[in-house]
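Chain by chain, the residues run as shown.
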Amino acid sequence: MLNEQGFNLWANDYDQTVQLSEDNNLYPFAGYKNVLNTIFKEIMQNKQSNVLDIGFGTAVLTSQLYENGHRIDGLDFSTRMIAIAQSKMPLANLMEWDISKGLPDSFKDNKYDAIVSTYALHHLADEEKVTFIKSLLPLLTVNGKIFIGDIAFRTRWELEVCRNASIDYWDEDEFYFVSNEINASLKNVYTCKFHPVSHCGGVFMLTR
Ligand SMILES: C[S@@+](CC[C@H](N)C(=O)[O-])C[C@H]1O[C@@H](n2cnc3c(N)ncnc32)[C@H](O)[C@@H]1O
């Protein structure tokens, strides 16, 4: 599992690595641009949303929203990723923070029309993920939505098929979303819809 130093080292080559995997339609980033674009189009239905991006990385998604007039807050634990993202979004409120500790106190009273997280929450173990996603509920405006784009599968069987096909470079330290399992864990808190985008990626849309 990569820690913040690992992400600092990866930051400069991150976009290139993603593109290579995506161009070859391979795990882990097959469908990456379509995943981000699905979320971008949803948020663009409103003007000037307040957006929180969790694990924003090089801000491929949020810099596009920023350029279109949305207000961006973000959390990420990599100083190098923050530097890259901040250079693209000078007025964004980006905080260095490790989400395995939950949400920072200074964000707990904020309200967002959209909370997004792409390819970041698989760094939390399944139970941690569920607790963290539940903790986002008070941060949503009345019609607010959560968009999670990530390595994700409809069922654990589909995950295993992908794992077997990618066994030489499968990352055993990451915890990928399985739609029917996460839906069951969140069903008392959110309505959760999963939109598969590729053989290993998709978008979850969560509403109250
Ligand atoms: C694979 S990158 C995804 C970046 C971007 N969201 C995207 O879709 O391209 C994962 C990002 O999550 C951040 N991250 C991973 N674990 C984290 C943690 N525990 N707390 C805060 N940020 C974390 C990393 O620093 C990195 O920027």
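Quick note: structure is the one above.
Residues numbered from 1 in each chain as written. Predicted model: local features only at pLDDT ≥ 70, side-chain atom pairs only at ≥ 80, totals over all residues.

Q: Mind laying out the overall build of the chain, listing which residues take part and the relevant values?
A: The number of helices and strands found in the chain is 8 helices and 8 strands. Relative to its length of 208 residues, the chain is compact, with a C-alpha radius of gyration of 16 Å against a globular reference of 17 Å. Taking the principal axes of the C-alpha coordinates as reference, the chain spans close to 45 × 40 × 30 Å. (Helix = DSSP H or I, 4+ residues; strand = E, 2+ residues; numbered from the N terminus. Rg over C-alpha atoms; globule rule 2.2 N^0.38 Å.)

Q: Tell me what's going on with the site of the ligand, and back it up with residues and numbers.
A: In the neighbourhood of the ligand, 17 residues make up the surrounding shell, with G55, G57, S78, T118 and A120 lying closest. A per-class count over the shell around the ligand returns 9 nonpolar, 6 polar and 2 charged. (Near = placed C-beta within 6 Å. Nonpolar A, V, L, I, M, F, W, Y, C, P; charged D, E, K, R; others polar.)

Q: Quick rundown of the pairing of strand β5 (residues 140–153)? Include the residues and the values.
A: Looking along a regular strand, one sees side chains alternate from face to face of the sheet. Among the 14 residues in β5, 11 count as buried, and that is most of the element. When strand β4 (residues 112–118) meets β5, the two strands line up parallel, connected through 6 bridges. Of the residues in β5, the one forming a bridge with S117 is I148. In this view, the connection linking β4 to its parallel neighbour β5 by way of helix α6 (residues 126–135) has right-handed handedness. Note: β5 against strand β8 (residues 201–207), 6 bridges, orientation antiparallel. (Buried ≥ 20, exposed ≤ 12 C-beta atoms within 10 Å, placed from the backbone. Pairing = 2+ DSSP bridges. Right-handed = clockwise from strand over helix to strand, strands pointing away.)

Q: Tell me about unusual backbone geometry, and please be specific about residues and values.
A: Each neighbour pair has its own omega, and for Y27 with P28 the value is 10°, a cis peptide bond. Positionally, P28 belongs in the loop between α2 (14–23) and α3 (32–43). Although it is not a glycine, Q48 sits at a positive phi angle of roughly 50°. Mapped onto the elements, Q48 comes out in the loop between α3 and β1 (50–54). Given 10 C-beta atoms within 10 Å, Q48 falls into the exposed group. The phi torsion at A59 lies on the positive side, around 65°, for a residue other than glycine. Structurally, the position occupied by A59 is in the loop between β1 and α4 (62–67). Note on A59: 24 C-beta atoms within 10 Å, which makes it buried.

Q: Account for the environment of Q64, naming residues and giving values.
A: Mapped onto the fold, Q64 is located in helix α4. Judged by C-beta crowding, with 16 C-beta atoms within 10 Å, Q64 ranks as partly exposed. Separated by 78 residues in the primary sequence, Q64 and V142 have C-alpha atoms spaced 24 Å apart.

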